[in-house]
Amino acid sequence: MPESRAQSEAEGVPDYRDTLTLPSTEFPMRAGLPKREPDLLARWSRLRIYDRLREKASTVRGTAAERPPFVLHDGPPYANGHLHIGHALNKILKDMIVRSQQMMGRDSRYVPGWDCHGLPIEWKIEEQYRAAGRDRRDVPVVELRSECRRFAEKWIEIQRTEFQRLGVIGNWDDPYLTMDFEAEAVIAEEFMAFVMNGSLYRGSKPVMWSPVEKTALAEAEVEYRERKSPEIWVRFPVVQGGLAGASVLIWTTTPWTIPSNKAVAYGRSIAYGLYEVAATEGDCWARPGERLVLADALAAHALGKSRVARWDRIRDVNAAELDSCVCRHPFADLDGFWSYDVPIIEGGFVSDDAGTGFVHTAPSHGADDYEAFASRGWTDRMTHNVGEDGEFHPHVPRFAGLRVFDVKGREGGANAAVIESLVEAGAIIARGRLEHSYPHSWRSKAPVIFRNTPQWFVAIDSEVGGDDTYGATIRQRALASIDRLVAWTPPSGRNRLYSMIESRPDWVLSRQRAWGVPLTCFVRKGADQQDDGFLLRDARVNARVAAAFREEGADAWFREGASDRFLCPDHDPEDWEQVFDILDVWFDSGSTHAFALRDRPDGTADGIADLYLEGTDQHRGWFHSSMLQACGTTGRAPYHGVLTHGFTLDENGMKMSKSLGNTVAPENVTRQYGADILRLWVAQSDYTADLRIGPEILRNAADSYRRLRNSFRFMLGNLADFDAASAVPLAEMPELERWVLHRIAELDRVVREGYARYDFQKVFQALFLFCTSDLSSFYFDIRKDALYCDGARGLTRRAAQTVLDHLLRRLATWLAPVLCFTMEEVWLNRVSGDAASVHLEDFPETPAVWLDEAVAKRWAAVRKARRVVTGAIEVKRRDKSIGSSLEAAPVVHVEDPDMRKVLESLNFADVCITSGLDVVAEMPDGQAFRLEDVPGVAVAFRAAEGGKCLRCWKILPDVGSHRHEGVCARCDSVLG
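Residues numbered from 1 in each chain as written. Predicted model: local features only at pLDDT ≥ 70, side-chain atom pairs only at ≥ 80, totals over all residues. Heavy atoms only, no water.

Undergrad: So what exactly am I meant to see when it comes to the sheet that holds strand S24 (residues 611–615) here?
TA: Strand pairing in a sheet is mediated by backbone hydrogen bonds. Such pairs are either parallel or antiparallel. Overall, parallel pairing links the five strands, which are arranged S2-S1-S24-S25-S18 in an open sheet. Each edge of the open sheet is held by one strand with a lone partner, namely strand S2 (107–109) and strand S18 (487–489). Going across the sheet, the axis of each strand differs from the next one's by a mean of 20°, ignoring polarity. As paired strands, S18 and strand S25 (residues 641–645) are joined by three bridges and run parallel to one another. Bridge pairing in S25 places Ala-487 opposite Gly-641. (Pairing = 2+ DSSP bridges. Helix = DSSP H or I, 4+ residues; strand = E, 2+ residues; numbered from the N terminus. Axes fitted to C-alpha atoms, helices over the stretch in contact; angles between N-to-C directions.)

Take a look at the structure:
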């Protein structure tokens, strides 16, 4: 065809371009998402999309069309910094669920929330104080809390904007905040429920403690990092029993705990022996002739470390013999402070995997150590040697004032001093340094210690009263909920949480900080924990506390006269001590089911969410604390379903780190590509595992997006002159269109089932493959000729447009939960009206009659044969024999009579986009093109004969024989 209208006129060749019905659309090929998306966000805000969806649900409430509620309860992010890519992954997943459930007919509610209390914010304010030369202890607590509140408010506003930029829909105008006065009142009420049901107690046991932050930490607030620690092998001389005169050898990587040692533990199933040192070499602290008791599996390693050249194993040592032995503390000769007996006890935690087979046991500095003592009723033997700064108290000889770790988390002088004293006492036999995994605070990144300190606990194995359908204790109810009430996505989440709760100790609730909800309770002055009436249980006092919190917030607890205000007139304040510890922030977030679900009109009447969704780390965090809290107050889990996603890694599978320069900030992605590309990355990924992201992955996502966008642009362009009145009914449609409708019906089931299972990857892959393979590379390619060249009212063209209209409406709604901005743009290019939005629509119902397995079977055969034809033509294109498939009129040899019958029943030349085509039965004797996976089909190339139609470009024998110059019969009839 001539290249330009001017050239055509100059050569006297007719130009039929204006007679074609070419695509026309304002939907641009270049997305320009970074600029277009903010405008759509502003439009959604103006239209109040989320509110209109709630109104839509309310209009049918109480009728047969009532939309069942679906509530995804938001795990509150922490209000203390810009969003990272993990935040984006989490919120986008939530948004895709909320949107898809809404479009499947639910009243899908989403109330965003924020965790506002806790140490990270308080730590930031303390840093500001230190920079200004102020001592945090000189700042009135209410003033500090006010600073913390303002800090949280600032970051909530920043994060709200950043979340909305990702396209996340929700009740952003009325989120829940754990620092709202109502929330603080409910948190206090939930805590006081534990006071009243008797499960709260104050105990002195070792907890993980941050010397830097000066507070107890929950397991969820601890991360494990590699650290080099000193390792030592120490003699504990046996002074009573059959092994008297020998020494039990222990190994430890925490020398600072030796001053608090109260026992040595052994394992009953371990084989032990009595070993005698025969000879030493070099600088050795062992003495020839001394006898040591060791686990047989570890003796060679331990003696080798101490540079013992030769040794003799004298005899076996059995458990009964160990049970009868008592040791002397290694420091007993240095100071009378340690002149007490050190028994040898059985410990189920002892193994012969490392060390010596004996574990030095300091019940104030280890969970296993404590349990070993508590099970024997020896809690009176606990020590209080280490203070909140990680320093030894003044009463500890030789080590008073020495720290385990300094204020910056670096190793203090305690370990070195203890080792030096062990050398002086002649107790150490070997020393070294070991790199191993060690607990650190995930906030300050500083190492933590186990430290005995009075704390408040919830007993998870005591009966708590109330509804005992799922058990009488918190642990029983939690385990029953996990097994019987909760659906887990992926299923492995069940095992993870079950094992954690099955083996967990009592819940430590107290923190020694200022910013948060206090433990709103009183204890009788001078009373012991075991005394009746130690803890005040009075519903009238509780009601006054809750009322004050609703009016003034939790600051009311810290104001002058608070004790009188809450206790009077029912109790004498002089008899009671007010507790000022702060609740663990996990109790705050664990209580959100009460104030964000139960107590809000957009929550749930029973306080149970349809879904909780967070990262896998929340099995020990929010999922865990919510389970414990709700099981203690309501008797069951606060959720019907739990979905967990993995962590985000860089393209090489490495953990992201600012120091490595491999982080991906959501803000940078939206600035360069747009939020829809980030959402597409989420949809393409398997979120149940760790997800990789980086420049190349984002470029691939952008390429996938462009291919999808082109499909929508084709549909929009070819629907410009279509209206519903010209739609073709199913019975009159060509079979190719009926095949597309069949595929739509198949996909309708795939999409609904996939979204119901939160399987976004399956949904997106199915739709992407359909758009690129079934549509762009097949159906659109075939129907271009009819859409462009047939008469505007021709049946085939109108049938194709009818199908395109069905496709557009379904694909736009099906993909709206994923590509929320682009599908809105698509919708507004097709549907007019200032109030129109794809996000106000439901997935269209698909007629069951569209599903036609017979048509599907026929077209599966057609596509197989077509692949052979296009393969044969591609060979000719590559060797430059032809330039276009319209230059071909191949002969297709088909062995199977049923397939041949199918191909002969339709215009197979149009399907193959050739100018002509013959289907024959006999298989060729000579060379012909074949595909191994399509047996019985061969294609012999043949050039099309005739003239080239100046309008549709087909090469046909009749071109030039009609009224209009240089066109074929079809084009001549269209021209009239």
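Undergrad: Is there a simple way to explain the pattern of salt bridges in this structure?
TA: Tallied over the full model, the rule gives 79 salt bridges. A salt bridge links Glu-126 to Arg-130; the shortest N-O distance between them is 3.6 Å. One end of the pair is Glu-126 and the other is Arg-130, both in helix H5 (residues 119–131) and four residues apart, which spans about a single turn. One salt bridge connects Arg-565 with Glu-552, and the closest N-O pair in it is separated by 2.4 Å. Separated by 13 residues along the polypeptide, Arg-565 in helix H15 (residues 562–567) and Glu-552 in helix H14 (residues 539–552) bring together distant segments of the chain. Among the residues examined, Arg-565 registers a relative accessible area of 37% and is labelled partly exposed. Connected through shared salt-bridge partners, Glu-122, Glu-126, Arg-130, Arg-136 and Arg-513 make up one network. (Salt bridge = Lys/Arg side-chain N within 4 Å of Asp/Glu carboxyl O. Buried < 20%, exposed > 50% of the residue type's maximum accessible area, 1.4 Å probe, protein only.)

Undergrad: How should the sheet that holds strand S17 (residues 449–458) be read in this particular structure?
TA: Pairing within the open sheet is antiparallel, and its four strands lie in the order S6-S5-S17-S19. Both outer strands of the open sheet, strand S6 (215–217) and strand S19 (507–508), are each paired with one neighbouring strand and no more.

Undergrad: Where do I start with the packing of aromatic side chains in this structure?
TA: The geometry of an aromatic ring pair is captured by two quantities: the separation of the ring centres and the angle between the planes. Here the structure, examined in full by the defined rule, presents 35 aromatic pairs. On the numbers, 6.1 Å between centres and 25° between planes, the contact of Phe-163 with Trp-172 is stacked. Among the residues examined, Phe-163 registers a relative accessible area of 1% and is labelled buried. Between Tyr-779 and Phe-780 the ring centres are 6.2 Å apart and the planes differ by 55°, which places this aromatic pair in the tilted class. By relative accessible area, Tyr-779 is classed as buried at 1%. A cation over an aromatic ring shows up here: Lys-262 above the ring of Tyr-340, its NZ or CZ 3.9 Å from the ring centre. (Phe/Tyr/Trp six-rings, centres within 6.5 Å; stacked < 30°, edge-to-face > 60°. Lys NZ or Arg CZ within 6 Å of the ring centre and 35° of its normal.)

Undergrad: Hey, could you run me through the packing of helix H23 (residues 760–789) against helix H24 (residues 795–815) in this one?
TA: Running from N to C, H23 and H24 point in directions that differ by 160°, and their axes come no closer than 12 Å. One way to sum up the angle between H23 and H24 is to call them roughly antiparallel. Taken as a pair, H23 and H24 cross one another with a handedness that is left-handed. Listed contacts from H24 to Phe-764, Leu-767, Phe-770, Cys-771, Leu-775, Tyr-779, Phe-780, Arg-783, Ala-786 and Leu-787 of H23 are Thr-796, Arg-797, Ala-800, Gln-801, Val-803, Leu-804, Leu-807, Leu-811, Trp-814 and Leu-815. (Parallel < 35°, antiparallel > 145°, perpendicular 65-115°, else oblique. Left-handed = near helix turned anticlockwise from the far one by under 90°. Contact = heavy atoms within 4.5 Å.)

Undergrad: Teacher, can you tell me more about helix H22 (residues 735–756) here?
TA: Every α-helix carries 3.6 residues per turn, so stepping three or four residues along brings you back to the same face. Taking 1.5 Å of rise per residue, the 22 residues of H22 would be expected to cover 32 Å, and the 32 Å separating its terminal C-alpha atoms lies within 8% of that figure. Where burial is concerned, most of H22 is hidden: 16 out of the 22 residues are buried. Tyr-758, located one to two residues past H22, shows a positive phi value of around 60°. (Expected span 1.5 Å × (residues − 1).)

Undergrad: Please clarify how unusual backbone geometry should be interpreted in this entry.
TA: Glycine aside, negative phi is the norm for most residues, and most peptide bonds take the trans geometry. Note the cis peptide between Thr-489 and Pro-490, where omega equals -5°. Turning to its location among the elements, Pro-490 is positioned in the loop between S18 and helix H13 (492–503). Residue Pro-569 is bonded to the preceding Cys-568 through a cis peptide linkage, with omega at 5°. Along the chain, Pro-569 turns up in the loop between H15 and strand S22 (576–578). Of note, the phi angle at Tyr-758 is positive, near 60°, even though the residue is not glycine. Positioned with a positive phi, Lys-880 is a non-glycine residue whose angle comes to about 65°.

Undergrad: Would you take a moment to explain the confidence of the model for the protein chain for this structure?
TA: Where the model shows low pLDDT, its predicted coordinates should not be examined in detail. For the protein chain, mean pLDDT is 92; residues scoring 70 or higher make up 99% of the total. Low confidence marks residues 1–6, where pLDDT is under 50. Its contacts with residues over four positions away, or in another chain, come to eleven contacts. (pLDDT = per-residue confidence, 0-100.)

Undergrad: Explain the nonpolar core here, please?
TA: Generally speaking, nonpolar side chains in soluble globular proteins are found buried as a group. Within the largest apolar cluster, 159 residues are counted, with the highest numbers of intra-cluster contacts made by Phe-712, Tyr-779, Leu-807, Leu-811 and Phe-908. Apart from the residues within four sequence positions on either side, Phe-712 is in contact with Phe-27, Leu-808, Leu-811, Ala-812, Leu-815, Met-823 and Val-826. Counting 71 residues, the second-largest nonpolar core is a separate cluster that includes Val-545, Phe-558, Leu-583 and Ala-594. (Core = buried A, V, L, I, M, F, W, Y, C linked by side-chain atoms within 4.5 Å.)

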